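Residue-level listing of the chains:
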Amino acid sequence: MEIEYRRTWNRSFMLVTGYVEEESYELRMLKHNAVMGLLPVQDVQETGEIRFCYDITGKKSLECYLENNALNLVMIKKILENLCAGKWSIICSKKRKSC
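Below is a summary of the structure that appears in this document. Bear in mind that the values here come from a model prediction, so they are computed numbers and not experimental data.

A closer look at the pairing of strand β4 (residues 49-55)
For β4, a buried count of five out of seven residues is recorded, marking the element as mostly surrounded by other parts of the structure. Across seven bridges, strand β2 (residues 12-19) lies against β4 in antiparallel orientation. Looking across to β4, one finds that M14 is bridged to Y54.

Here's what the structure looks like:
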């Protein structure tokens, strides 16, 4: 998997490129559904390789954020809560239940 960043004059994008032999259920889900807690996919291109394009304009990586801000217990709790909320959203989507 290869990750590349591109910028235009007013937008920033993260391109994730990889190889896939056949379209899986998870790939179709990413292409056609918004999953709560995950950055939405803007564009998916397939030519033997698969490329996901994410609009990251205004987003900041955790690593960059922590360069200027101290990591404390409240922040760790918030990160874990967000990760768990996203995980439950994905689980509920797979089971097709409302949570």
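What to know about the pattern of salt bridges
Here the idea is simple: oppositely charged side chains can pair when their charged atoms come close. Across all of its chains, the model carries three salt bridges by this definition. Its salt-bridge partner being D55, residue R11 comes within 1.9 Å of it at the nearest N-O pair. In this pair, R11 is assigned in the loop between β1 (2-7) and β2 and D55 in strand β4, connecting sequence segments 44 residues apart. Classification of R11 as partly exposed rests on a relative accessible area of 36%. Residue D55 is classed as buried on the basis of its relative accessible area of 14%. Between E81 and K77 there is a salt bridge; the shortest N-O distance is 3.8 Å.

Some thoughts on a nonpolar patch on the surface
A cluster of nonpolar side chains, contributed by L71, I76, L80 and L83, occupies part of the molecular surface with about 380 Å² of accessible area. Looking at the element boundaries, L71 is found in the loop between α2 (62-68) and α3 (73-95). Overall, the relative accessible area of 49% leaves L71 in the partly exposed class.

The rules behind these values
- Residues numbered from 1 in each chain as written.
- Predicted model: local features only at pLDDT ≥ 70, side-chain atom pairs only at ≥ 80, totals over all residues.
- Heavy atoms only, no water.
- Buried < 20%, exposed > 50% of the residue type's maximum accessible area, 1.4 Å probe, protein only.
- Helix = DSSP H or I, 4+ residues; strand = E, 2+ residues; numbered from the N terminus.
- Pairing = 2+ DSSP bridges.
- Salt bridge = Lys/Arg side-chain N within 4 Å of Asp/Glu carboxyl O.
- Patch = residues over 30% accessible without salt bridge, like charges linked within 9 Å, V, L, I, M, F, W, Y side chains within 5 Å.
- Areas by Shrake-Rupley, 256 points an atom, 1.4 Å probe, with all protein chains shown as cover.

Worth remembering: the numbers are spatial, not functional.
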